[in-house]
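Residue strings, one per chain:
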Amino acid sequence: MQSPTILYHSYPQISTSSFRFRRPSPFPRSPRKRGACKPSLGRVVSLALKDLRVAAVGNKSSPPSLDPEPQDPDLDEDRYDNKKEEGGVGLGWLPVFPHVLTASMANFLFGYHIGVMNGPIEAVAGELGFEGNSFLEGLVVSIFIVGAFFGSLGSASLIDKFGCQRTLQIDTIPLVLGALLSAQAHSLDEMLWGRFLVGLGIGVNTVLVPLYISEVSPTKYRGSLGTLCQIGTCLGIIASLSLGIPSDSDPHWWRTMLLIACVPGVIIMFGMQFAVESPRWLCKVGRFDDARRTIERLWGRSEVEKSIEEIESVVKNDGTKTSWSEIFVEPHNRVAFLGGSLFFLQQFAGINGVLYFSSLTFQDVGITSGALASLFVGITNLGGALVASYLMDKQGRKRLLIGSYLGMACSMFLIVSAISFPLDEGSSHSLSIIGTLTYIFTFAIGAGPVTGIIIPELSSALTRPKIMGFSFAVHWICNFLVGLFFLELVDKFGVGAVYATFGGFSLSSAVFAMYFIVETKGRSLEEIEMSLNSSFPTDSK
């Protein structure tokens, strides 16, 4: 089979030694008293050899120094990862964690708005006067996707002009206004406008948050921190489903749920005031001193000069201004093709169809509550995302993506077998439940988080916002089409045939990932760009 279209040029591995400094004692030695016993020659030699062994463990590449190094409090930040060598857990992610956690609240809000209409849509229809009209009920849900499509396309201009930090703050305006308008809606038009504004804000956030996390995270922990997007979405869905339980007894509870959606937006607006700006964006707009301070704060002093040198070389090569047409020419068109293809395959592998149909699957085994069934699904999704956060920087993106799609394909074929060749009714329903939960779990391990992580990693600094916007626009179009035609296809061809098609797409996705996706684990964004872009001078690579 033909080799992948994207190939890495050889890039030298840059390794740094780990230094261990001996601190001078804070207590001055008292002068030796007359008559005190002098240590023997053997004792002196023994102590000297011991010091040599300790110094050799700390730095094998350089001879031990007789003079102790002076204390430097700024070096403490660089010692986070040294704890791992002593048997602990590396803490290099800790300085950046509050910043990416605040940004990932936007994904929590995304998940919340996905689930907020799951239960009370009939109550909304009854109160606003379109009860029984399935088209209008679907429109209230799907207008959210239309807004997200336009938000994705418009996000690139905002990011290029204002940066990630300010854009996240600006984006809370349609999120809060849309939630308020929906919560107090007394007509269908008000509800539609409110849902559209929320979708507009979500469209910007789904592009912005993974991009922001990829640009501020240390290389070593970029993948694990990137899974916060998936984890935040899962927690948002679970929160909305849990808060939606009173809607069964209170027909007006949906207004309270939509008002609650304002709270995360306000937290993001004020929280991002204390978050850092992306050092890559700061360099792109010429604010190198601010970028140095940000890198020192997040990654440690030892990373400043090397990171600035790499980012500066990329900025000089790429320039600072771009247009949409550039993502369709070499070398950026290859990444745009990969981004669009990954989201196309993700959606047509059937995740939204399976989530929609899962409540009916649970009803077959006696779980009649749609909210409870969705809660089971949400917890399974969250469990997979947590596993992904642990494996992402250990196993790599490509391996997780391939394994995820293979697991999804096997799960789909298990459900098809249970439907097409049932042994008995109880076994068939049990196998369908197992297949559904396994499908969702394996999706959350790879196909869900990896797709959003790897696209900004492969994109150049110049075109990253636009490629992300284009890729998510494809995502929303495919999401809309699957939701629009899923039930019609099930009615016409049956669940077994539709799920078999999902299984076929999952297998195709695994093959696509095997031959076209390159591994990005453990490489800085600049190293990846230099490897993919042949326009860089040879000495830059």
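The shown structure was predicted, so the numbers you read here are calculated from the model rather than taken from an experiment.

S.K.: I'd like a rundown of the overall build of the chain, residues and numbers included.
M.R.: For the chain, the count of helices and strands is 21 helices and 0 strands. Out of the 541 residues belonging to the chain, those deemed buried represent 49%. For the chain, the share of sequence-separated contacts (at least 6 apart) that also reach a separation of at least 24 residues comes to 83%. Of the roughly 25,700 Å² that the chain leaves accessible, carbon and sulfur atoms contribute 63%.

S.K.: Now, about the packing of helix H14 (residues 332-348) against helix H20 (residues 495-516): what can you tell me, with residues and values included?
M.R.: Look at H14 against H20: their axes get within 8 Å of each other, and the N-to-C directions meet at 155°. One element, H14, and the other, H20, form an angle in the roughly antiparallel class. Handedness of the crossing formed by H14 with H20: left-handed. Residue-level contacts link Phe337, Leu338, Ser341, Leu342, Phe344, Leu345 and Phe348 of H14 to Phe502, Phe505, Ser509, Phe512 and Phe516 of H20.

S.K.: Provide a residue-level description of helix H8 (residues 228-243), including the pertinent values.
M.R.: Taking 1.5 Å per residue as the helical rise, H8 with its 16 residues ought to reach 22 Å, and the 22 Å between its terminal C-alpha atoms agrees with that figure. In terms of residue burial, H8 counts as a mostly covered element, since 13 of its 16 residues are buried.

S.K.: I'd like a rundown of a nonpolar patch on the surface, residues and numbers included.
M.R.: A grouping of Phe162, Ile170, Ile173, Leu177, Leu180, Leu259, Val266, Met269 and Phe270 is seen on the molecular surface, where their side chains present a nonpolar patch of about 770 Å² in accessible area. Secondary structure elements with two or more residues in the nonpolar patch: helix H5 (134-183) and helix H10 (262-271). Per element, the largest residue contribution to the nonpolar patch is 5 residues, and it comes from H5. When you line up the elements, Phe270 lands in helix H10.

S.K.: Got a sec to walk through helix H19 (residues 464-493)? Specific residues and values, please.
M.R.: The terminal C-alpha atoms of H19, which comprises 30 residues, lie 41 Å apart, in line with the 44 Å expected from a rise of 1.5 Å per residue. At Phe485, H19 shows its largest bend, some 40°. With its phi angle positive at about 95°, Gly494 sits one or two positions after the end of H19.

S.K.: Tell me about the pattern of salt bridges, and name the residues and values.
M.R.: A complete count under the given rule lists 15 salt bridges for this structure. A salt bridge links Arg293 to Asp290; the shortest N-O distance between them is 2.3 Å. Taken as a pair, Arg293 and Asp290 lie in helix H12 (residues 288-299) at a separation of 3 residues, close to a single helical turn. Among the salt bridges present, the one from Glu330 reaches Arg334, with a minimum N-O distance of 3.3 Å. On the basis of relative accessibility, which here comes to 54%, the residue Glu330 falls in the exposed class. Residues joined in a network through salt bridges with shared partners are Arg222, Asp393, Arg397 and Glu457.

S.K.: I'd like a rundown of the side chain of Thr451, residues and numbers included.
M.R.: Topologically, Thr451 is positioned in helix H18 (residues 425-458). Exposure remark for Thr451: the relative accessible area of 0% places this residue in the buried category. Setting aside anything within four residues of it in sequence, one finds Thr451 in contact with Leu342, Phe343, Gln346, Leu401 and Gly446.

S.K.: Talk me through the packing of helix H6 (residues 188-216) against H19; I want residue IDs and the actual numbers.
M.R.: Orientation of H6 relative to H19, taken along the N-to-C sense of each, is 135°, at an axis distance of 10 Å. As summarised for this structure, H6 and H19 are arranged oblique, according to the angle between their axes. The two elements H6 and H19 cross, and the hand of that crossing is right-handed. In this structure, H6 uses Ile202, Gly203, Thr206, Val207, Pro210, Leu211 and Glu215 to contact H19, whose residues at the interface are Arg464, Pro465, Met468, Gly469, Phe472 and Trp476. Within the contact of H6 with H19, the residues separate by chemical class into 8 nonpolar, 3 polar and 2 charged.

S.K.: Outline the nonpolar core, supporting the account with residue identities and numerical values.
M.R.: Phe130, Met191, Tyr212, Tyr439, Leu458, Tyr499 and Ile517 are the most contacted members of the largest nonpolar core, which has 119 residues in total. The element contributing the most residues to this core is H5, with 13 residues. When residues no more than four places from it in sequence are discounted, the contact partners of Ile517 are Leu338, Leu342, Lys398, Leu401, Ile454 and Phe512.

S.K.: Pulling in residues and values, what's your account of the side chain of His332?
M.R.: Structurally, the position occupied by His332 is in helix H14. Among the polar contacts listed, one links the side chain of His332 to the side chain of Ser460, at a separation of 3.4 Å. Side chain to side chain, His332 and Thr463 meet in a polar contact 3.5 Å long. Setting aside residues no more than four positions away along its own chain, His332 makes contact with Glu326, Ile327, Ser460, Thr463 and Ile467.

S.K.: So what's going on with the confidence of the model for the chain? Which residues, and what values?
M.R.: Parts of the model with low pLDDT should not have their predicted coordinates read in detail. In this model, the chain carries an average pLDDT of 81, and 79% of its residues clear a pLDDT of 70 or more. Across the chain, the element-wise mean pLDDT spans from 42 in helix H2 (residues 82-85) up to 95 in H6. Here residues 1-88 is modelled with pLDDT under 50, and outside its nearest four sequence neighbours on either side it reaches 92 contacts, counting other chains as well.

S.K.: Got a sec to walk through the packing of aromatic side chains? Specific residues and values, please.
M.R.: A ring pair, where both rings are aromatic, is described by two values, the distance of the centres and the angle of the planes. Under the counting rule described, the total for this entry stands at 14 aromatic pairs. Arranged with centres 4.7 Å apart and planes meeting at 40°, the rings of Phe344 and Phe348 form a pair that is tilted. Note that Phe344 and Phe348 are positioned in helix H14 at a spacing of 4 residues, about one turn of the helix. According to the relative accessible area criterion, Phe344 is partly exposed, its value standing at 33%. Measuring from ring centre to ring centre gives 5.7 Å for Phe348 and Phe505, while their planes differ by 35°; the resulting arrangement is tilted. Of this pair, Phe348 sits in helix H14 while Phe505 is found in helix H20, placing the two residues 157 residues apart along the sequence. Connected via pairs of aromatic rings, a cluster forms that spans Phe110, Phe144 and Trp476. Residue placement shows Lys394 over the ring face of Tyr390; its charged tip is 4.3 Å from the ring centre.

S.K.: Explain the environment of Gly339 to me, using residue names and the numbers behind them.
M.R.: Turning to its location among the elements, Gly339 is positioned in helix H14. Given the relative accessible area of 1%, Gly339 is considered buried. Taking C-alpha positions, Gly339 is 7.5 Å from Met468, a pair spaced 129 residues apart along the chain.

Conventions and cut-offs
- Residues numbered from 1 in each chain as written.
- Predicted model: local features only at pLDDT ≥ 70, side-chain atom pairs only at ≥ 80, totals over all residues.
- Heavy atoms only, no water.
- Helix = DSSP H or I, 4+ residues; strand = E, 2+ residues; numbered from the N terminus.
- Buried < 20%, exposed > 50% of the residue type's maximum accessible area, 1.4 Å probe, protein only.
- Contact = heavy atoms within 4.5 Å.
- Areas by Shrake-Rupley, 256 points an atom, 1.4 Å probe, with all protein chains shown as cover.
- Axes fitted to C-alpha atoms, helices over the stretch in contact; angles between N-to-C directions.
- Parallel < 35°, antiparallel > 145°, perpendicular 65-115°, else oblique.
- Left-handed = near helix turned anticlockwise from the far one by under 90°.
- Expected span 1.5 Å × (residues − 1).
- Patch = residues over 30% accessible without salt bridge, like charges linked within 9 Å, V, L, I, M, F, W, Y side chains within 5 Å.
- Salt bridge = Lys/Arg side-chain N within 4 Å of Asp/Glu carboxyl O.
- Bend = angle between axes of the 7 residues up to and from the residue.
- Nonpolar A, V, L, I, M, F, W, Y, C, P; charged D, E, K, R; others polar.
- Core = buried A, V, L, I, M, F, W, Y, C linked by side-chain atoms within 4.5 Å.
- Polar contact = N/O pair within 3.5 Å; in protein donor to acceptor, adjacent residues only side chain to side chain.
- pLDDT = per-residue confidence, 0-100.
- Phe/Tyr/Trp six-rings, centres within 6.5 Å; stacked < 30°, edge-to-face > 60°.
- Lys NZ or Arg CZ within 6 Å of the ring centre and 35° of its normal.

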